[in-house]
Amino acid sequence: MAIFPRAALIYVCCLIVSPFSAGAQQNQSAPWDQWSISNPTWVEAVKPFRIIGNIYYVGSKGLSSFLITSSGGHILIDGGLPQNADLIARNIQSLGFDVSDIIILLNSHAHFDHSGGLNALKGLSGAQLVASEGDRAALEGGFYLGFENNRNFAAPPVKVDRTVRNNETVHVGSISITATLTPGHTKGCTSWNMSAVEQNTAYEVLFFCGASVAGNNLVPAQYDGIVDDYRRTFEKTREWRPDVLLVNHPFYFNMDEKRAEQVAGNPLAFVDPNEFSALIQSFERAFEQSYKQAVER
Ligand SMILES: [Zn+2]
């Protein structure tokens with residue numbers, strides 16, 4: 001069973017304690033520049049690689065981005081921090097793909113560490129952004145829902161070209177990928193699933209949005225209905241058993257370990273149908289503990 005250290009669960013996505021000092025706020029640097037100082041792995045380059053089938057890892061060491069390819073065009077999921085856009089584009093090119101062949105950009109959720117690079121990637125690729133209605137305002141406003149006026153959590157605004165509903169499928173070339181809304185971590189947190197073929201066998205791949213509490217307030221609510229959203233998401237996902245789990249931070253799916261196994265000769269190193277179950281249980285336990293503490297405060 002995968003063990004996720006409590007510290008890591010709190011740390012991921014959005015720090016509770018901002019790294020910004022009063023002095024840092026006075027200079028002219030973009031707010032997101034500070035995040036790469038406090039979280040250097042978020043901007044650290046790693047060699048891109050094929051995960052399974054037509055799915056490639058093109059993110060940084062600490063922030064995932066996934067490229068899904070087809071001869072009729074590609075899909076890119078998540079853009080990392082704003083300053084990660086060029087790194088992601090270079091990773092895609094180094095794999096032999098053309099950034100201008102990306103037709104659709106998708107986003108797991110509207111937090112600066114996963115949506116921040118989307119505006120620049122849109123400019124580099126000419127792709128359209130497809131996202132849930134629940135996250136549209138935050139993406140287009142460049143804010144973290146509930147922290148609208150806190151510039152430390154800002155991201156470059158990016159226009160959503162089309163919204164998706166729960167169970168809606170997005171098609172690009174031969175790619176079909178389906179959205180499941182898993183709100184809580186953000187109001188429009190969106191998980192995506194598709195089938196990938198490796199050695200003539202199809203594997204169900206889940207790109208999970210995440211369900212950590214991280215920087216969110218539960219009491220008072222970060223956004224109306226957040227507690228019910230988390231609980232419905234746990235209820236909805238409890239029985240999921242995807243063959244391949246991918247998440248917007250690589251440590252959630254033990255990427256380095258699996259990549260080493262893959263390099264050593266196992267083409268199915270990323271296949272583990274039990275992994276999601278362990279992850280979602282750890283998220284649920286951490287959520288209920290945070291909620292209890294928030295109520296008692
Ligand atoms: Zn987040």
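In this text, all values refer to a predicted model and were calculated from it rather than measured experimentally.

**Student:** Would you take a moment to explain the pattern of salt bridges for this structure?
**Tutor:** Any two side chains of opposite charge can pair, so long as their charged atoms come close to each other. Taken as a whole and judged by the stated rule, the model has 12 salt bridges. In this structure, the salt-bridge partner of Asp161 is Lys122, at a minimum N-O distance of 2.9 Å. Note that Asp161 is positioned in the loop between α7 (133-141) and β7 (162-164) and Lys122 in helix α6 (residues 118-125), a separation of 39 residues in sequence. Assessed through its relative accessible area of 30%, Asp161 is described here as partly exposed. Of the residues examined, Lys122 reaches a relative accessible area of 15% and is grouped as buried. Note that Lys258 and Glu275 form a salt bridge whose closest N and O atoms lie 2.5 Å from each other.

**Student:** Honestly, the coordination of the zinc ion in this entry has me stumped. Any pointers?
**Tutor:** By definition of the ideal shapes, a tetrahedral metal site with four donors has angles of 109.5 degrees and an octahedral site with six donors has angles of 90 or 180 degrees. His109 (NE2), His111 (ND1) and His185 (NE2) make up the full set of protein donors to the zinc ion, lying at 2.2 Å. Considered as a linear motif, the donors of the zinc ion on their single chain read H-x1-H-x73-H.

**Student:** How should I be thinking about the packing of helix α4 (residues 85-94) against α6 in this particular structure?
**Tutor:** Between two packed helices, what matters for the description is the angle formed by their axes and the separation of those axes. α6 packs onto α4 with a crossing angle of 45° between their chain directions and a minimal axis gap of 9 Å. Taken together, the axis directions place α4 and α6 in an arrangement best described as oblique. Pair α4 / α6 crosses with right-handed handedness. On the side of α4, the interface is formed by Ala85, Asp86, Ile88 and Ala89, while α6 contributes Ala120, Leu121 and Leu124. Residue composition of the contact of α4 with α6, grouped by class: 6 nonpolar, no polar and 1 charged.

**Student:** For this particular structure, what's the right way to read helix α9 (residues 255-263)?
**Tutor:** Given 3.6 residues per helical turn, the α-helix brings residues three or four places apart onto the same face. For α9, every residue scored as buried is listed here: Met255, Lys258 and Gln262. Down the axis, α9 shows its buried residues gathered within 70° of arc, on one side only. Exposed residues on α9 whose side chains face more than 90 degrees from its buried face are Asp256, Glu257 and Val263. For α9, the elements touching its buried residues are β1 (49-52), β2 (55-57), β12 (244-247) and α10 (275-296). After α9 finishes, the residue Gly265 shows a positive phi value of roughly 125°.

The rules behind each value
- Residues numbered from 1 in each chain as written.
- Predicted model: local features only at pLDDT ≥ 70, side-chain atom pairs only at ≥ 80, totals over all residues.
- Heavy atoms only, no water.
- Salt bridge = Lys/Arg side-chain N within 4 Å of Asp/Glu carboxyl O.
- Helix = DSSP H or I, 4+ residues; strand = E, 2+ residues; numbered from the N terminus.
- Buried < 20%, exposed > 50% of the residue type's maximum accessible area, 1.4 Å probe, protein only.
- Donors = N, O, S within 2.8 Å, 3.2 Å for Na, K, Ca; no water.
- Axes fitted to C-alpha atoms, helices over the stretch in contact; angles between N-to-C directions.
- Parallel < 35°, antiparallel > 145°, perpendicular 65-115°, else oblique.
- Left-handed = near helix turned anticlockwise from the far one by under 90°.
- Contact = heavy atoms within 4.5 Å.
- Nonpolar A, V, L, I, M, F, W, Y, C, P; charged D, E, K, R; others polar.
- Arc of directions from axis to C-beta.

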